[in-house]
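Okay, here's what each chain looks like letter by letter:
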Amino acid sequence: MVGVLGFLAQEGGEAAAEVVKAAPNWFVEHAYLIPLLAFASGALTLFFGKRTPGKGPVYGILAIGVGLVLSLGVVWSFVQGGGNFEHNIEWFRIGTLQVQLGFYVDGLTAVMLVVVTSISLMVHIYSLGYMHGDKRYTWFYVVLSIFTGAMLVVVVASNLFQLLVGWEIMGVCSYLLIGHWYEDHANSSAAIKAFLTTRVGDVPFMFGIFALVYATGMTTSNIQVISETVAGGHISTLLVTCAALLMFGGTIGKSAQFPLYTWLPDAMAGPTPVSALIHAATMVAAGIYLVARTFEVFVQADPIALTVVSIIGAITLLMAALLALVQDDIKKVLAYSTISQLAYMVAALGMGEAGYPAAMFHLFTHAFFKALLFLGAGSVIHAAHSNNMSDMGGLRKHMKLTYATFVIGSLALAGVPPFAGFFSKDEIILVAKDQQIYWLGAVLLVGAVITAFYTTRMVLKTFHGEYRGTEHLHESPWSMTAPLVFLAAATCVVGFLGFAPTGAPFMDWVYFGGVPETPVFSPLVAGISVLAVAIGLLFGWRLYKDYKAVDPVTELGGAYTLLEHKYYLDDIYFGGIVRPIRDTWSAGIYWFNQHVLDAVVNGAAGGSKGLSGGIMWIDRNVIDGIVNGAGTAMETFGKGLRTIQTGKVQWYAVGLFGGVITLALFIFR
Amino acid sequence: MIRLPLVLVFAALLFSAGVYGVLARRNAVMVLMAIELMLNAVNLNLVAFSASLQDVTGQIFALFVIAVAAAEVGIGLAIVILLFRNRASINVDEVDLLKW
Amino acid sequence: MTAQEYAFLVVAVIGSLAAVAVVTARNVVHAALYLVVALACVGITFLLVGAEFVGWTQILIYVGAIVILFLFGLMLTKAPIGRDTLDHLPQNRIVGAVVALLIFVGLATLLLRVWPIGTTVASQPVAGSTEAIGQSMFRDYVLPFEVVSFLLLAALIGAIVLARKDDGGAA
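Criteria and thresholds
- Residues numbered from 1 in each chain as written.
- Chains lettered and ligands numbered in written order.
- Predicted model: local features only at pLDDT ≥ 70, side-chain atom pairs only at ≥ 80, totals over all residues.
- Helix = DSSP H or I, 4+ residues; strand = E, 2+ residues; numbered from the N terminus.
- Buried ≥ 20, exposed ≤ 12 C-beta atoms within 10 Å, placed from the backbone.
- Contact = placed C-beta atoms within 7 Å.
- Expected span 1.5 Å × (residues − 1).
- Axes fitted to C-alpha atoms, helices over the stretch in contact; angles between N-to-C directions.
- Parallel < 35°, antiparallel > 145°, perpendicular 65-115°, else oblique.
- Left-handed = near helix turned anticlockwise from the far one by under 90°.
- Nonpolar A, V, L, I, M, F, W, Y, C, P; charged D, E, K, R; others polar.
- pLDDT = per-residue confidence, 0-100.
- Pairing = 2+ DSSP bridges.
- Core = buried A, V, L, I, M, F, W, Y, C linked by C-beta atoms within 7 Å.

K.L.:
Would you take a moment to explain the overall build of chain C for this structure?
P.N.:
On a plain count of helices and strands, chain C comes out with 6 helices and 1 strand. Along chain C, from the amino end to the carboxyl end, the secondary structure elements read α-α-α-α-β-α-α. Across the 171 residues of chain C, 33% fall into the buried class. Pairs at least 24 apart in sequence give 59% of the contacts found in chain C among residues at least 6 apart.

Spelled out as structure tokens, the structure:
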């Protein structure tokens, strides 16, 4: 009896083990479900959202929740040591070019899936509270779901055209969400600015895709095929370098690097959950992800490509960090911070193969703590009814949970161990040292100092001191604080995924070049980073712990003015590009349209009119003349003929007899 | 034994005279008279051929012609009288209301 | 040339002249009287040919009744007793004369071609023609006979109706 049971248990256990072994592969093979679920929820919410309880979020939360579970399943597969997976179906062909639909799952994909779904889910839940009572509540969730679907498409895309499709949909959703409160003209302007500026980057991106497709002999845009083709070494370096730089243009636009970063601070006009999702964790990360996905191209290109990448990263890093120093709007601080942190990732990628895992790890951790910071800022804004830190202060007394989680996020951002940001930033600096790119390492360290400084400034100005506003302060509802807690917990934990002494499983999943890298922990570098962070923290603490009314930063004089005007970059853009195009060029083109094009059209119309007038004349006078003339001729002939009918019988008799005679003559002669 | 052609020529002459009268006379009664001449010429022909062919059918036909001619003259004159009553004139040239 | 033929020739000449006179007389009453002569000559010709019934019928009806009718018609329509002022226009006369001449020439030529003067085809007097007419009429042609009588009746009534004075009845 026991033996039978034991046998059954063993069999059952083996079967279960089979299932368990096979299960993760199921997740990988069905990874396409994740974006589909998001789009489906978007469609369902669009059509049926208003009828669901709560008027909208149900489908989104369900879909993204299931998506998160599926993503975790995918990660599980990689935990089990599973391999990459790709599946494509042919969509259509143009000549030799085959455009596919498909998905490619490797470690990077798995990690990104988890990031996107988890943060999207947090934002969905957060918006229950934050967007409560909003005029377009349901529509908000619709676009949120579609956006999540688009980002997921980018993440799982196996070929560049599909990636581009997701990319563009994200751009549209970003536009829609930034301009969610479009009644205020400033919001709709910010949305347009975001869309157009990223568009400027999208054009070279597209050309980069074309170049790569050309490199494959116009057959496919499949990323793996492109990588193999480029790695094969038969493609001209010039083409590969150009392709790399062009695609990087897309990154500059979407990931807000110099010189196309000006849209991101203005995009803060959108609702805070949007800022958290799109402009902190996901969309702006898409640019980084793009470089990572097509990294083979960058690696095979002339070293100048990667150099450009690192330079841009370095410049952006410092510029944005300095700008974050002088902002009063809390969201703008976080926006510039995001730009700066993205620059960290770009700089890391610019260091080549070695920097790849570090960059991706920083992307991973940054998503969590930046989303946390944004949502926390949203909680604060919700309470204080103002974005400006000068209207805040002393909030830690009234919003304890928000304060606690915000501090955790800030420490992570500054790079304080044991929070996530420290590990990822430290990795990047370590790579710089290993690669002996000391100038970049120095820049990174300076950036770390400034980051720590403005982070401290932000926290002290907002939460410490005395409350400078007039609102009644209270903690946010659970729908807003629960995500904060979750993200704070994640921030505490995920750092260790990339920490060498704890095994660094992250590096096992995300690597470049076929073999995972085994990271080494360098206490020296770690020490230097901590030192840099400490300097920044102390500085900030000293200047802001007794903040009353006047921000010390404003006393920087000329430097402050420069920073206040954002290096006059926006003015340059507006005066040099927007205004000429909008005013002069448009006016010129309008004139051309009215006087030249329309003249041609009108001339053609006039000519036609004249021609038709002539034809009408012909029709009236010639053709109708002929017809009428025939009639008139008949009439005249008839008029003439009828005079025979004189009414006089003897006339008729004459005719009769004359006819008889004539007939007789003819017949008888 | 009158030679046939002579009779026929005589008849032709009468007929021609009748034709002239029909065409050239303006008095309606005169026109009727000329028609009678023509009919008589036909009768003459009929009877001449009847005598020539020894067939009495021609004479019968001639009799019928006479009867019909009589009827025709009666009606014709009645019409002429009516015409005269309405227009106080029997000038056929003036009876041209059916002209164009 | 037999005696009948001579007689015929005389009658023919008189008749022709009379016929021409009918159509050219200025005085309409004279024209009517000339018509009598012409018709009488035709009747005599019938007699000479041997068709006595037709001949006498001709004289009876034509000369006796129809000419009287004509004279009545002339009187009733106030035909001028003197010269006919309703003279025909010269163009009518010329056209008519031409046509008539052409007809005569045509007919004569036609007839003489078929029956030249020299032929001996003659019109023999039909013996017992009245009896033959009677027999033929009331045997073979009784239907036309009846129809003609009907016709005469219709003509009679018609003439009465037409010539009636306008007292409530349409003409």
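K.L.:
Just to check I follow, could you spell out the overall build of chain A for this structure?
P.N.:
The number of helices and strands found in chain A is 25 helices and 2 strands. Counting across all 669 residues of chain A, residues that qualify as buried make up 49%. In chain A, the share of contacts with a sequence separation of at least 24, taken over all contacts with a separation of at least 6, comes to 80%.

K.L.:
So what exactly am I meant to see when it comes to helix α1 (residues 4–24) of chain B here?
P.N.:
Because an α-helix packs 3.6 residues into every turn, residues spaced three or four apart end up facing the same way. A rise of 1.5 Å per residue sets the reference length of α1(B), with its 21 residues, at 30 Å; its end C-alpha atoms lie 30 Å apart and thus fit the reference within 8%. Most of α1(B) is tucked away: 20 of the 21 residues are buried.

K.L.:
Please clarify how the environment of A:P357 should be interpreted in this entry.
P.N.:
Residues and elements named next belong to chain A. Along the polypeptide, P357 turns up in helix α16 (residues 355–384). What makes P357 buried here is the crowd of 27 C-beta atoms within 10 Å. Sequence separation between P357 and Y511 is 154 residues, and the spatial gap between their C-alpha atoms is 5.6 Å.

K.L.:
I tried to follow the packing of α16(A) against helix α20 (residues 478–494) of chain A on my own but got confused; where do I start?
P.N.:
Between two packed helices, both the angle of their axes relative to each other and the distance between the axes serve to describe the pair. All names here are of chain A. Where α16 meets α20, the closest approach of the two axes is 9 Å, and the angle between their N-to-C directions is 150°. Compared by their axis directions, α16 and α20 come out roughly antiparallel. For α16 against α20, the interelement crossing comes out left-handed. Between α16, through F364, T365, F368, F369, A371, L372, L375, G376 and S379, and α20, the contact on the second element is made entirely by M480, P483, L484, L487, A488, A490, T491 and V494. Looking at the contact of α16 with α20 residue by residue, the class counts come to 13 nonpolar, 4 polar and no charged.

K.L.:
Please clarify how the confidence of the model for chain C should be interpreted in this entry.
P.N.:
Close inspection of predicted coordinates is inappropriate for parts of the model with low pLDDT. Averaged over all residues, the pLDDT of chain C equals 84, while 84% of them reach at least 70. Among the scores for the predicted complex, ipTM is 0.90 and pTM is 0.63.

K.L.:
Can you walk me through the interface of chain B and chain C in this structure?
P.N.:
The partner chain C presents 80 residues to the 63 residues of chain B that form the contact. For the side of chain B that touches chain C, the secondary structure elements donating two or more residues are β1 (2–3), α1, α2 (28–53) and α3 (57–87) of chain B. Element by element, the count of residues in the side of chain B that touches chain C is highest for α3(B), at 21 residues.

K.L.:
What exactly am I supposed to notice about unusual backbone geometry here?
P.N.:
Most peptide bonds are trans, and most residues other than glycine sit at a negative phi. In this structure, A:P259 follows A:F258 across a cis peptide bond, with omega equal to 0°. If you trace the backbone, A:P259 turns up in the loop between α9 (237–254) and α10 (263–266). The backbone of A:A256 sits at a positive phi, close to 55°, despite the residue not being glycine. Here A:A256 is to be found in the loop between α9 and α10. The backbone phi angle of B:Q54 is positive, close to 55°, even though this residue is not glycine. Within the secondary structure, B:Q54 is located in the loop between α2 and α3. Overall, B:Q54 belongs to the partly exposed group, with 14 C-beta atoms counted inside 10 Å.

K.L.:
For this particular structure, what's the right way to read the confidence of the model for chain A?
P.N.:
Residue-level pLDDT values for chain A average 84, and 94% of them are 70 or greater. Confidence, expressed as mean pLDDT per element, reaches its minimum in chain A at helix α1 (residues 2–29) of chain A with 68 and its maximum at helix α6 (residues 160–178) of chain A with 92.

K.L.:
Quick question: what am I supposed to make of the pairing of strand β1 (residues 85–94) of chain A here?
P.N.:
Successive side chains on a regular strand alternate, one facing one side of the sheet and the next facing the other. Residue and element names in this part refer to chain A. For β1, the tally of buried residues reaches only 0 of 10 residues, placing the bulk of the element at the surface. Pairing geometry for β1 and strand β2 (residues 97–105), over 9 bridges, is antiparallel. Within the sheet, the bridge partner assigned to I89 lies in β2 and is L101. In this antiparallel pair of consecutive strands, β1 and β2, the connection spans 2 residues, and G95 shows a positive phi of 65°.

K.L.:
Just checking my understanding: could you explain the nonpolar core for this structure?
P.N.:
Generally speaking, nonpolar side chains in soluble globular proteins are found buried as a group. In this structure, A:V154 and A:A371 are the most contacted members of the largest nonpolar core, which totals 207 residues. Counting residues per element, this core draws most heavily on α16(A), at 20 residues. For A:A371, the residues in contact, after removing those within four places along its chain, are A:I119, A:M122, A:A276, A:A280, A:A281 and A:L487. Of all hydrophobic cores here, the second largest spans 88 residues; its members include B:A69, C:V20, C:A32 and C:A79.

K.L.:
Could you clarify how one ought to interpret the packing of α6(A) against helix α7 (residues 185–215) of chain A in this entry?
P.N.:
Residue and element names in this part refer to chain A. The N-to-C vectors of α6 and α7 enclose an angle of 175°; their axes lie 9 Å apart at closest approach. Judged by the angle between their axes, α6 and α7 are roughly antiparallel. Along its contact with α6, which presents L160, L164, G171, S174, Y175 and I178, the element α7 presents N187, A190, A191, A194, F195, T198, M206, I209 and L212. For the contact of α6 with α7, the class distribution of residues is 11 nonpolar, 4 polar and no charged.

K.L.:
Looking at this structure, how should I read helix α19 (residues 438–463) of chain A?
P.N.:
Residue and element names in this part refer to chain A. Along its 26 residues, α19 runs 37 Å from first to last C-alpha, staying within 8% of the 38 Å computed at 1.5 Å per residue. The element α19 is extensively covered by neighbouring structure, given that 21 of its 26 residues are classed as buried. Within two residues after α19, G465 carries a phi angle of roughly 75°, on the positive side.

K.L.:
Any chance you could explain the environment of A:M360 here in plain terms?
P.N.:
Residue and element names in this part refer to chain A. Residue placement: M360 occurs in helix α16. Given 30 C-beta atoms within 10 Å, M360 falls into the buried group. In sequence terms M360 and A292 are 68 residues apart; their C-alpha atoms lie 7.9 Å from each other. Once residues lying within four places of it in the same chain are set aside, the contact partners of M360 are L108, A292 and V510.

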